[in-house]
Amino acid sequence: MLDTLTTSPVCGAFTYWPGTGEPSVWATDYTGRFLVEAKKLGYAVPDDLYRKWLSWEKKRAQVHAEPVFVQIHRLYLLALAGEPQIGAMNAVREDSLAVLNDAARWMLAAAYQLGGAEKTGCPMMSATAVSVCSAVGHPRGPGVQSRQADASGCADSPGSAL
């Protein structure tokens, strides 16, 4: 699989098919998620490929030219990779928080949490109308929700109250 990924454009973004033109936002994000998770599990991920992807995502995180959910997803991935972009998260929060759906709020809050800014992330989670489990399509249940609340680090998150 990683051999196929090395055929990505020099810029650090990915396309759906090798040799095609424009990079794809979603192919880049999902490939990046794969790289982050593989690296965390101890698989050998080519450093050059990983660094180029991180560089691409960091540059795009500062642009704000894409839909807000795309931007939030990117910020979440960067935080998951240990490279939180707090300034870009703040810009999204200040510009778009009032219009975000619950799933987008949870993802942005999770990015803050992963980035070490719990005091910013927790209030966004507690302001949502649904639990994290239903926001991302997982079955509801006390065991699942309590584990999610524990993982969030927020005593007042919706999952902790159920």
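The structure under discussion appears in the preceding block.
Residues numbered from 1 in each chain as written. Predicted model: local features only at pLDDT ≥ 70, side-chain atom pairs only at ≥ 80, totals over all residues. Heavy atoms only, no water.

Draft legend 1. Focus on helix H6 (residues 102-114). The end-to-end C-alpha distance of H6 is 18 Å, a good match for the 18 Å that 13 residues give at a rise of 1.5 Å each. Where H6 is concerned, the buried positions are Ala 104, Arg 105, Trp 106, Met 107, Leu 108, Ala 109, Ala 111, Tyr 112 and Gln 113. With a side-chain oxygen lying 3.2 Å from the backbone nitrogen of Ala 103, the N-terminal cap of H6 falls on Asn 101. Looking one or two residues beyond H6, the residue adopting positive phi is Gly 116, at roughly 85°. (Helix = DSSP H or I, 4+ residues; strand = E, 2+ residues; numbered from the N terminus. Expected span 1.5 Å × (residues − 1). Buried < 20%, exposed > 50% of the residue type's maximum accessible area, 1.4 Å probe, protein only. Polar contact = N/O pair within 3.5 Å; in protein donor to acceptor, adjacent residues only side chain to side chain.)

Draft legend 2. Geometry of the packing of aromatic side chains. One pass over the structure, following the stated rule, counts two aromatic pairs. Judged by centre distance (6.0 Å) and plane angle (45°), the ring pair of Tyr 50 and Trp 53 falls under tilted. Of this pair, Tyr 50 and Trp 53 both sit in helix H3 (residues 47-61), three residues apart, which is roughly one turn of the helix. The ring of Tyr 50 has Lys 39 sitting right over it, with the charged end atom 4.5 Å from the ring centre. (Phe/Tyr/Trp six-rings, centres within 6.5 Å; stacked < 30°, edge-to-face > 60°. Lys NZ or Arg CZ within 6 Å of the ring centre and 35° of its normal.)

Draft legend 3. Geometry of the packing of helix H2 (residues 25-40) against helix H4 (residues 68-80). At a minimum axis distance of 10 Å, the contact between H2 and H4 shows a crossing angle of 20°. As judged from the angle between their axes, H2 and H4 are roughly parallel. Between H2 and H4 the crossing geometry is left-handed. Residues Val 25, Trp 26, Asp 29, Tyr 30, Arg 33, Val 36, Glu 37 and Lys 40 of H2 touch H4, and the partners they reach there are Phe 69, Val 70, His 73, Arg 74, Tyr 76, Leu 77 and Leu 80. Its residues assigned to classes, the contact of H2 with H4 comprises nine nonpolar, one polar and five charged. (Axes fitted to C-alpha atoms, helices over the stretch in contact; angles between N-to-C directions. Parallel < 35°, antiparallel > 145°, perpendicular 65-115°, else oblique. Left-handed = near helix turned anticlockwise from the far one by under 90°. Contact = heavy atoms within 4.5 Å. Nonpolar A, V, L, I, M, F, W, Y, C, P; charged D, E, K, R; others polar.)

Draft legend 4. Structural view of the environment of Leu 75. Take Leu 75: it is sitting in helix H4. Since its relative accessible area comes to 0%, Leu 75 is described here as buried. Residues Leu 75 and Gln 85, ten residues apart in the sequence, show an inter-C-alpha distance of 6.6 Å. Residues in contact with Leu 75, not counting those within four places in the same chain, are Ala 61, Gln 85, Ala 88, Met 89, Val 92 and Ala 111.

Draft legend 5. Looking closely at the environment of Gly 87. Structurally, Gly 87 is set in helix H5 (residues 86-96). Separated by 26 residues in sequence, Gly 87 and Ala 61 have C-alpha atoms that sit 9.5 Å apart.

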